[in-house]
Amino acid sequence: MRFIAEREIVTLSHHAMDRAVFADGALAAALWVADKPPGLYSMRDVLGL
């Protein structure tokens, strides 16, 4: 994500140090959706955003 002004750029970035962090997210999403009815869900739903 970048915020760009006339004379500056502010950048927000994320760097995973280990791929296990993605597995943790996938597991959390799987546990969340396990008791939900069939439908279309997004990570916004999983994270409650």
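As a reminder, the structure under discussion sits directly above these lines.
In this text the structure is predicted, and so the values were computed from the model without any measurement. (Residues numbered from 1 in each chain as written. Predicted model: local features only at pLDDT ≥ 70, side-chain atom pairs only at ≥ 80, totals over all residues. Heavy atoms only, no water.)

Here we look at the overall build of the protein chain
Let me state the cut-off plainly: Helix and strand definitions follow DSSP, with helices as H or I runs of at least four residues and strands as E runs of at least two, each counted in order from the N terminus. To sort residues, take the accessible area from a 1.4 Å probe on protein chains only and compare it with the maximum for the residue type: under 20% means buried, over 50% means exposed, and anything in between is partly exposed. Areas reported here follow the Shrake-Rupley algorithm with a probe of radius 1.4 Å; residue values treat only the protein chains shown as occluding.
Check the secondary structure of the protein chain and you find 2 helices and 2 strands. Its C-alpha atoms give the protein chain principal-axis dimensions of roughly 50 × 25 × 15 Å. Buried residues in the protein chain amount to 2% of all 49 residues. Summing over all exposed atoms, the protein chain offers an accessible surface of approximately 4900 Å²; the carbon and sulfur share of this is 61%.

Focus: the pattern of salt bridges
Which entries qualify depends on this criterion: Definition used for salt bridges: Asp or Glu carboxyl oxygen within 4 Å of a side-chain nitrogen of Lys or Arg.
As enumerated under the stated definition, the model contains 1 salt bridge in all. Note that Asp-35 is salt-bridged to Lys-36, the shortest N-O span being 3.3 Å. Among the residues examined, Asp-35 registers a relative accessible area of 62% and is labelled exposed. Lys-36 sits in the partly exposed class, given a relative accessible area of 31%.

Remarks on a nonpolar patch on the surface
Cut-off, in case you're wondering: Here the term patch refers to residues with relative accessible area over 30% and no salt bridge, with like charges joined within 9 Å and nonpolar side chains (Val, Leu, Ile, Met, Phe, Trp, Tyr) within 5 Å.
Together, Met-1, Phe-3, Val-10 and Leu-12 make up a nonpolar patch on the protein surface, roughly 460 Å² of accessible area in all. Along the chain, Met-1 turns up in the segment before strand E1 (2-4).

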